[in-house]
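Residue-level structure breakdown
For reference, the chains in residue letters:
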Amino acid sequence: MEEIKLHLTTNLEKELRNSITHWFQPIYNLKNNSVIGHEALLRDVSDLQISPVDMLKNAEQKGCRNILDLLSVKNAIDIYIEELHCLFINIFPSTLLKENFLAWWDIHVPQRIPVVLELLESEPINDWEKMKAIINELKRSGIKIAIDDMGAGYSTIRHWVELEPEFVKLDKYFSENLSVNTQKQKIVKSYADLFSGTSKLIIEGIEKKEDLETIYCLGVQYAQGFFLGRPLPREKCNIRNNKNLLTKY
């Protein structure tokens, strides 16, 4: 199995490190209107303002996407200083499956904040037994797991069954115009019932008050989206004191 290069050439590492930062978007518990954590969203700091998707594509073409993935994880943790809230960080399954990922994690990730690793939906898991072993080891060290964008890409019910994640994030497709789409409402309700008592269901992409009210009525307790809070750079969002409550509905 391919290993992670724990040390890059100086120029490449400097190029990658200097090209990225993270913005943070809050995730809310709707029952008590409190922030449970923030998702770290990759951003380009160059004048080109390259999208995160294109940044990862460019890194893949250079053969260093997994390295960028790891640097992104470390950068997000270094920026995020809140010790009470969870930090949700996206990561490719293939990065976790690198032979010495756990050794890299132990060396580079300080255990000072609660971390939730979101397994991205854009690629399949090619070795389920290896993945389960790595996930179990991370869980033993206090790391939580989330399945990102359930219902899109490669994220399937099998991920929930095999990996037993603490969180499942429902793709934003299901929240768009949810208040007027009865088919989507049935699907969201079925997911809420299915994961009840096992995994916390977070629905993404909430942009309208009526959609927020609908998901709450359907039994979804956690949500994320522009209506609740837009992504902001660290210096523009007071993460430690972000206690703004939602208006009761």
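Right above here is the structure, for reference.
Residues numbered from 1 in each chain as written. Predicted model: local features only at pLDDT ≥ 70, side-chain atom pairs only at ≥ 80, totals over all residues. Heavy atoms only, no water.

This next bit is on the layout of surface pockets. Its volume calculated, the largest pocket comes out at about 1100 Å³. Contributing to the lining of the largest pocket are 37 residues, with Glu39, Leu41, Asn90, Asp149 and Lys172 lying nearest its centre. The set of elements that each furnish at least two residues to the lining of the largest pocket consists of β1 (20-29), β2 (34-44), α2 (52-61), α3 (65-79), β3 (86-91) and β5 (144-150). In terms of residue class, the lining of the largest pocket is made up of 11 nonpolar, 10 polar and 16 charged. (1 Å grid on protein atoms, 1.4 Å probe; cavity = no way out; pocket = protein on both sides within 12 Å on 5 of 7 lines; lining within 4 Å. Points joined across faces, edges and corners; volume = space filled by probe spheres on them. Helix = DSSP H or I, 4+ residues; strand = E, 2+ residues; numbered from the N terminus. Nonpolar A, V, L, I, M, F, W, Y, C, P; charged D, E, K, R; others polar.)

Quick look at the pairing of β1 now. With eight of its 10 residues buried, β1 lies for the most part within the structure. Across 10 bridges, the pairing between β1 and β2 is antiparallel. Note that in β2 the partner of Tyr28 across the bridge is Val35. Remark: four residues form the turn of the hairpin made by β1 and β2, two consecutive strands paired antiparallel; Asn33 in that turn has positive phi of roughly 55°. Summarising the sheet, β1 and strand β9 (residues 232-233) pair through two bridges and their orientation is antiparallel. Residue pairing for β9: Phe24 is matched across the bridge by Leu232. In this structure, β1 lies alongside strand β8 (residues 222-223), joined through two bridges in antiparallel fashion. Its bridge partner lying in β8, Tyr28 is registered against Ala223. (Buried < 20%, exposed > 50% of the residue type's maximum accessible area, 1.4 Å probe, protein only. Pairing = 2+ DSSP bridges.)

Among soluble globular proteins, nonpolar side chains are generally buried collectively. Formed by 53 residues in total, the largest nonpolar core has its most connected members in Leu87, Leu96, Trp105, Leu117 and Ile215. Once residues within four sequence positions are removed from consideration, Trp105 is found in contact with Val73, Val115, Leu117, Leu138 and Ile143. The next biggest cluster of nonpolar side chains, apart from the first, holds 12 residues, and it includes Leu16, Met55, Leu56 and Leu120. (Core = buried A, V, L, I, M, F, W, Y, C linked by side-chain atoms within 4.5 Å. Contact = heavy atoms within 4.5 Å.)

Bringing the pairing of strand β7 (residues 200-203) into the picture now. Strand direction decides the pairing type here: strand β6 (residues 167-170) and β7, joined by four bridges, are parallel. Bridge pairing in β7 links Leu170 to Ile203. In this fold, the crossover linking β6 to β7 by way of helix α8 (residues 182-195) has right-handed handedness. With two bridges connecting them, β7 and β8 associate as parallel partners. In the strand pairing of β8, Ile203 is matched with Ala223. Between the parallel elements β7 and β8, the chain passes through helix α9 (residues 209-217) in a crossover that is right-handed. (Right-handed = clockwise from strand over helix to strand, strands pointing away.)

No statement about biological role is implied by the geometric values presented.
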